[in-house]
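# Observations on chain architecture
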Amino acid sequence: MKTDIKHIAAVVATAIWADGEYDEAEKIVVEEIAEAFELESAAFAQEVEAALAEIEPMDEEQVNSYILEHSAEVDDDEAEVLYEAALEVITVDGVVGVEEIDNVLAIASALGIDEAKAVLLFADLIREEPEVELAY
């Protein structure tokens, strides 16, 4: 892993922030993300919680700036994997709303992933997880 744990946690936290709830399913996904990035689970969970506390009082514009700031520090080779991790976070509860899509597309953009590829990666995930409901 080339990207600092704080930056990975910040991006993951912004995906969690989108629906305003950090539930048990998301905590399990955070553990899986830690494993994928070869991070110590408890330390990563702590970093995610610290990032969530930091962004909780922010409005959408401030969160977008936060995403840009931390995404700039993500290694290019890890950007797509981190985006896919953000997708896992937003789909784990089985419902994806418009605000979550806006948020995850902002994450993709900040990570340097073009919108078409970001949408295709999301569509691929939905194809694999057909029980995910899209809330318009």
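All values derive from a computational prediction rather than experimental measurement.

### Some remarks on helix H7 (residues 115-128)
- Taking 1.5 Å of rise per residue, the 14 residues of H7 would be expected to cover 20 Å, and the 20 Å separating its terminal C-alpha atoms lies within 8% of that figure.
- All of the buried residues in H7 are Ala118, Leu121, Phe122, Leu125 and Ile126. One side of H7 carries all its buried residues, which in axial view fall inside an arc of 140 degrees. Residues of H7 that are exposed and point more than 90 degrees away from the buried face comprise Ala116, Leu120, Arg127 and Glu128.
- Along its buried surface, H7 packs onto helix H5 (76-91), strand E1 (95-97), helix H6 (98-110) and strand E2 (133-135).
- The N-capping residue of H7, defined by a side-chain oxygen 3.2 Å from the backbone nitrogen of Ala116, is Asp114.

### Observations concerning the packing of aromatic side chains
- Throughout the structure, instances matching the rule amount to zero aromatic pairs.
- Between Lys27 and the ring centre of Tyr22, over which it is positioned, the NZ or CZ distance is 5.2 Å.

### Overview of the confidence of the model for the chain
- Scored by pLDDT, the chain comes out at a mean of 94, with 100% of its residues at no less than 70.
- When mean pLDDT is taken per element in the chain, helix H3 (residues 41-55) scores highest with 98 and E2 scores lowest with 87.

Definitions and limits used
Residues numbered from 1 in each chain as written. Predicted model: local features only at pLDDT ≥ 70, side-chain atom pairs only at ≥ 80, totals over all residues. Heavy atoms only, no water. Helix = DSSP H or I, 4+ residues; strand = E, 2+ residues; numbered from the N terminus. Expected span 1.5 Å × (residues − 1). Buried < 20%, exposed > 50% of the residue type's maximum accessible area, 1.4 Å probe, protein only. Arc of directions from axis to C-beta. Contact = heavy atoms within 4.5 Å. Polar contact = N/O pair within 3.5 Å; in protein donor to acceptor, adjacent residues only side chain to side chain. Phe/Tyr/Trp six-rings, centres within 6.5 Å; stacked < 30°, edge-to-face > 60°. Lys NZ or Arg CZ within 6 Å of the ring centre and 35° of its normal. pLDDT = per-residue confidence, 0-100.

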